[in-house]
Amino acid sequence: LASLIRGGALPVKLTTVQASTVGPTLGANSLDQSIFAGVIGVAAVLVFMLVFYRGLGIIADLALLVFVMLDLVVMSLMNVTLTLPGIAGMILTIGMAVDANVIIFERIKEESRNMGQSLSSSVNAGFKNAMRSIVDSNVTTLIAGFVLFFMGTGSAQGFALTLVVGIILSMFTAVVVTRQLIKLFLNTNLIQNPKFYGI
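Summary of the structure given here.

Our next topic: the packing of aromatic side chains. A complete count under the given rule lists four aromatic pairs for this structure. Where Tyr53 meets Phe105, the ring centres are 5.5 Å apart and the plane angle is 55 degrees; that geometry is what we call tilted. On the criterion of sequence distance, the pair formed by Tyr53 in helix 2 (residues 25-77) and Phe105 in helix 3 (residues 84-115) is long-range, its members being 52 residues apart. Overall, the relative accessible area of 5% leaves Tyr53 in the buried class. When the ring of Phe149 is compared with that of Phe150, the centres are 5.2 Å apart and the planes differ by 85 degrees; the resulting orientation is edge-to-face.

Written as structure tokens, this is what we have:
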């Protein structure tokens, strides 16, 4: 091929008039926009939880920040190269982490209103009743994530990996971190008014 190219060359000296470097601007712009969208999404979720769940919303926001940090740490330890689908998977799991908290909080409010139990009893009953729904929804998504990872290729695998890791961590933060934070708030006896917890 090189010989063919040289074969048709004319004995003319070339002079550089202008040179420009073209970088991967499209990819960089898409990455920046995805990260910006993720930040906006997380901020909107934090505000939503504060407005609708008050004190429980504060706890949910703290648990969500723990989830985001754990997710980033695990991705770093696994040396995962984030692609756009991978970032989308991470943002999706943030929504799923909050979804588990919403289910728990609604069960707590339901127990408090219907049974007239103490705040501590309502929390315990709420977590117990919410577990089945949380496990069912997360297990079905995990199955889809594993199928995508083992049967998909390229970007689908990246999405599936961040999705599976995120779901596992979101279940941990919803069930363990959120519960411990609520108990910590209750045990301090600083705020015992049910209205603070949106009940």
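That shown, we press on.
To continue, consider a nonpolar patch on the surface. The grouping of Val139, Ile143, Phe146, Val147, Phe150 and Met151 at the surface amounts to a nonpolar patch, some 640 Å² of accessible area in total. Inspection of the secondary structure puts Phe150 in helix 4 (residues 119-151). Take Phe150: its relative accessible area is 63%, and that puts it in the exposed class.

With that settled, consider helix 4. With 33 residues, helix 4 ought to run about 48 Å at 1.5 Å a step, and its terminal C-alpha atoms sit 47 Å apart, in line with that. The largest bend along helix 4 reaches roughly 35 degrees and is located at Ala130. What helix 4 keeps buried is the set Leu119, Ser122, Val123, Ala125, Gly126, Phe127, Ala130, Ile134, Asn138, Thr141, Leu142 and Gly145.

What follows concerns the packing of helix 4 against helix 5 (residues 155-188). At a minimum axis separation of 9 Å, helix 4 and helix 5 run at an interaxial angle of 175 degrees. In terms of their interaxial angle, helix 4 and helix 5 are classed as roughly antiparallel.

In this section: unusual backbone geometry. A positive phi angle, near 50 degrees, is found at Arg54, a position not held by glycine. Looking at where Arg54 falls in the secondary structure, it is placed in helix 2. When its relative accessible area of 47% is taken as the criterion, Arg54 is described as partly exposed.

Okay, the nonpolar core next. Core analysis: the largest hydrophobic core is formed by 31 residues, its most contacted members being Ile104, Phe105, Ile108 and Ile182. Looking at this core, the elements with two or more residues in it are helix 2, helix 3, helix 4 and helix 5. If one sorts the elements of this core by residue count, helix 2 sits on top with 10 residues. Each residue touching Phe105, except ones within four places of it in the same chain, is listed here: Met49, Tyr53, Leu56, Ala60, Thr178 and Ile182. If you look at the next biggest cluster of nonpolar residues, it comprises five residues, including Met96, Leu142, Val164 and Ile167.

Criteria and cut-off values
Residues numbered from 1 in each chain as written. Predicted model: local features only at pLDDT ≥ 70, side-chain atom pairs only at ≥ 80, totals over all residues. Heavy atoms only, no water. Phe/Tyr/Trp six-rings, centres within 6.5 Å; stacked < 30°, edge-to-face > 60°. Helix = DSSP H or I, 4+ residues; strand = E, 2+ residues; numbered from the N terminus. Buried < 20%, exposed > 50% of the residue type's maximum accessible area, 1.4 Å probe, protein only. Patch = residues over 30% accessible without salt bridge, like charges linked within 9 Å, V, L, I, M, F, W, Y side chains within 5 Å. Areas by Shrake-Rupley, 256 points an atom, 1.4 Å probe, with all protein chains shown as cover. Salt bridge = Lys/Arg side-chain N within 4 Å of Asp/Glu carboxyl O. Expected span 1.5 Å × (residues − 1). Bend = angle between axes of the 7 residues up to and from the residue. Axes fitted to C-alpha atoms, helices over the stretch in contact; angles between N-to-C directions. Parallel < 35°, antiparallel > 145°, perpendicular 65-115°, else oblique. Core = buried A, V, L, I, M, F, W, Y, C linked by side-chain atoms within 4.5 Å. Contact = heavy atoms within 4.5 Å.

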